[in-house]
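Understanding the architecture of this molecule
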Amino acid sequence: MPEGHGAPASPQAARSAPDRRSSAPAAGLQPHILAPESPLSPESPNPRRGAVRASVPQKLAEALSSQYGLNVFVAGLLLLLAWAVHASGVGKSDLLCFLTALMLLQLLWMLWYVGRSAAHRRLIRPKDTHAGARWLRGSITLFAVITVILGCLKIGYFVGFSDCLSATEGVFPVTHAVHTLVQVYFLWGHAKDVIQSFKTLERFGVIHSVFTNLLLWANSVLNESKHQLNEHKERLITLGFGNITIELDDHTPACNCTPPTLCSAISHGIYYLYPFNIEYQILASTMLYVLWKNVGRQVDGYQHQKIQFKFHRVVAGSALGLSALAATIGVVAVYLIRIGRSKTKSESALTLFYLYATTLLMLMGAAGLLGIRIYRLEEQSLDESKNPARQLDADLLVGTASGSWLLSWGSILAILCAESRPSYTWYNLPYSTLVIVEKYVQNLFIIESTHRAPGKLSEDIRTLRVVTVCNGSHHSGASLASSCLKSAAAGAVAEEAGDTGAGDAAPQGGREPRAGNGKMCLRGGSGKGEQEPVWEGDPGCAGLPRSLRGNARRSVLRNIAAFLFLCNISLWIPPAFGCRPEYDNGLEEIVFGFEPWIAVVNLAMPFSIFYRMHAAASLFEVYCKI
């Protein structure tokens, strides 16, 4: 019931004035007058002051829990750094013991939360319908399965080198596998929860889970980066640049593995699965962070439209995207085969990669600009409601894109400042420039798409209802009346059984505008907005123009989203599986120095890789929403 019609403005208002209804029965006749005790009245600040006092403990708990999480994260990062630089007194077993303790503590909290929720399962709990989408939980399940397989390989690696490895290296993968399975179950069942009880305890539990996953992500990133750096140094030694390398920084056990062939296969398989494990940990962190933001939150009654995936009229975008994906696989295979074999082969591999990536980035930038242009042609309001999941997605897009921008600006400066420039390095200039521009454009397209207000689509994108104004001639009055009644009935059926996944929205109130000088014939859409209008055969009827552009715009936007989705998957593959020209170009290492540039690459590359996967996830949501 709207405010001012006899209903309290909020639940607090109802509690603060329990006897208002009985003492003032005529309040419903004065909708624009607030009672003196109303919390909205300026003469009664006590309820407002009580609400402020009630929110103070929540703010304090949020601040305390965030500081606790940051301290855990900083301590873990220092342990990681100490192990990476071979600090005295800090070994790998110390790091793994710390991570195992964090996972066990999170397991205890998750089991307690799941058990308490099961004991109170009959209670109606508020949910954040924007959080934990089904496709997101499906993606994290896929990555979790690969993470469990990675844990099994690590257990096999420990068995092979058990003579010279500590017990913690066997306990850690077992704990991590159990932690992964329980966490996926927890996210499937409780990612949408809005916690309203034990809020202080739950804040600490959730933020502990967030930073535990971030530390596991940092550990995987460090292991994978060390492996990639060792391969890069081996290629430099092969090409005769051994003077700029110090030594191979590997942590291979001192003893021999039996059988050697199997141990070598397991070792290589571990590093091929690390990219999926990295994506799993960061996705889990983001979902848990949204859960932490929702603790104690007051959720409005609005339920957003359910998002459904439908593959329809996206042949062009899908074909171009799959072509880009196939080309990516071919380019990565050629790159990994030729790079480091000789100077000529390395230069040809780099040239091939730059030409391929430049072409793909140009197409992606043009598609993003077209999508933004289509949105500019529409006068449509934006959804400005509070949504932690959507806000986090936008922040992650901009924040992780800065990793690529850092590498691109470093390459541009190296090209401009270098004393001598090999011919293949000139291809790096348009590539680096396009990386900056393309991500800028793509972020604008994704953010605007996700902020489009559902249910308020413009008239040419909604289900089209063709209105025919009839002149009411006598010779065809009966047939026109019959056709009008049939069309109106068909429109009502279409409204009741319309396709919710296509974004249909019937006019509010069930009314249609009436013509001033004639009758109105309504032609109901099919619910998909795809069929062309069928005009009445009577010569006295005049209709809307035939150029109904709503379907075309929606089809173009879907093709753009599908194309960009597949292209982001394509650009995720090369750096995730070892195709990193930032390492192999060589010009940046000469200008900035070997170790400073490698440090920059190792810092920025994880964010660049995550950006592509996160952008792909956001574009999938955009596609389903259009």
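Quick caveat, the model's predicted, so the values are computed rather than measured.

About the thresholds
- Residues numbered from 1 in each chain as written.
- Predicted model: local features only at pLDDT ≥ 70, side-chain atom pairs only at ≥ 80, totals over all residues.
- Heavy atoms only, no water.
- Core = buried A, V, L, I, M, F, W, Y, C linked by side-chain atoms within 4.5 Å.
- Buried < 20%, exposed > 50% of the residue type's maximum accessible area, 1.4 Å probe, protein only.
- Helix = DSSP H or I, 4+ residues; strand = E, 2+ residues; numbered from the N terminus.
- Contact = heavy atoms within 4.5 Å.
- Phe/Tyr/Trp six-rings, centres within 6.5 Å; stacked < 30°, edge-to-face > 60°.
- Lys NZ or Arg CZ within 6 Å of the ring centre and 35° of its normal.
- pLDDT = per-residue confidence, 0-100.
- Salt bridge = Lys/Arg side-chain N within 4 Å of Asp/Glu carboxyl O.
- Axes fitted to C-alpha atoms, helices over the stretch in contact; angles between N-to-C directions.
- Parallel < 35°, antiparallel > 145°, perpendicular 65-115°, else oblique.
- Left-handed = near helix turned anticlockwise from the far one by under 90°.
- Nonpolar A, V, L, I, M, F, W, Y, C, P; charged D, E, K, R; others polar.

Turning to the nonpolar core, a few remarks are in order. By size, the foremost hydrophobic cluster in this structure holds 121 residues, and its most contacted members are Phe186, Phe353, Met364, Phe445 and Leu564. No other element matches the 17 residues that helix α17 (residues 594-625) contributes to this core. When residues no more than four places from it in sequence are discounted, the contact partners of Phe445 are Gly368, Gly371, Ile372, Tyr375, Leu557, Ile560, Leu564 and Leu619. Counting 6 residues, the second largest nonpolar core, distinct from the first, contains Phe158, Leu165, Cys257 and Cys263.

The next point concerns the packing of aromatic side chains. Under the criterion given, the structure shown has 21 aromatic pairs. On the basis of an interplanar angle of 50° and a centroid distance of 6.0 Å, the ring pair of Phe565 and Phe620 is categorised as tilted. Of this pair, Phe565 sits in helix α14 (residues 550-576) while Phe620 is found in helix α17, placing the two residues 55 residues apart along the sequence. Three or more aromatic residues joined by ring pairs make a cluster, and in this case those are Tyr335, Phe353, Tyr354, Tyr356 and Tyr431. A cation sits over an aromatic face here: Lys226 above Trp83, 5.6 Å from the ring centre.

It is worth spelling out the confidence of the model for the protein at this point. On average, residues of the protein score 75 in pLDDT, and 69% of them reach the 70 mark or higher. Below a pLDDT of 50 lies the segment residues 455-548, which in the model reaches 121 contacts outside its immediate sequence neighbourhood of four places, other chains included.

The next point concerns the pattern of salt bridges. Working definition: two side chains of opposite charge can pair if their charged atoms are close together. Tallying each qualifying case throughout the model produces 4 salt bridges. Among the salt bridges present, the one from Glu202 reaches Arg116, with a minimum N-O distance of 2.7 Å. Taken together, the residues Glu202 in helix α7 (residues 199-238) and Arg116 in helix α4 (residues 92-119) connect sequence positions 86 residues apart. Like Arg116, Glu202 is buried. Among the salt bridges present, the one from Arg580 reaches Glu224, with a minimum N-O distance of 3.0 Å. You can see Arg580 sitting in the loop between α14 and α15 (581-584) and its partner Glu224 sitting in helix α7, a full 356 residues away along the chain. The pair Arg580 / Glu224 is uniform in exposure class, with both members buried.

Turning our eyes to something else, we now look at unusual backbone geometry. Peptide bonds are, in most cases, trans, and in most cases residues other than glycine have a negative phi. Backbone geometry places His86, a non-glycine residue, at a positive phi of 60°. As for its placement among the helices and strands, His86 is situated in the loop between α3 (46-84) and α4.

Before going further, it helps to spend a moment on the packing of helix α8 (residues 260-293) against helix α11 (residues 388-417). Geometry of a packed helix pair, given as the angle between the helix axes and the separation of the axes. Across the interface, α8 lies against α11 with an axial gap of 9 Å and an inter-helix angle of 135°. Classified by the angle their axes make, α8 and α11 are oblique. Crossing of α8 against α11: the hand is right-handed. Contacts between α8 and α11 pair Thr286, Tyr289, Val290 and Lys293 from the former with Pro388, Ala389, Leu392 and Leu396 from the latter. Classifying every residue of the contact of α8 with α11 gives 6 nonpolar, 1 polar and 1 charged.

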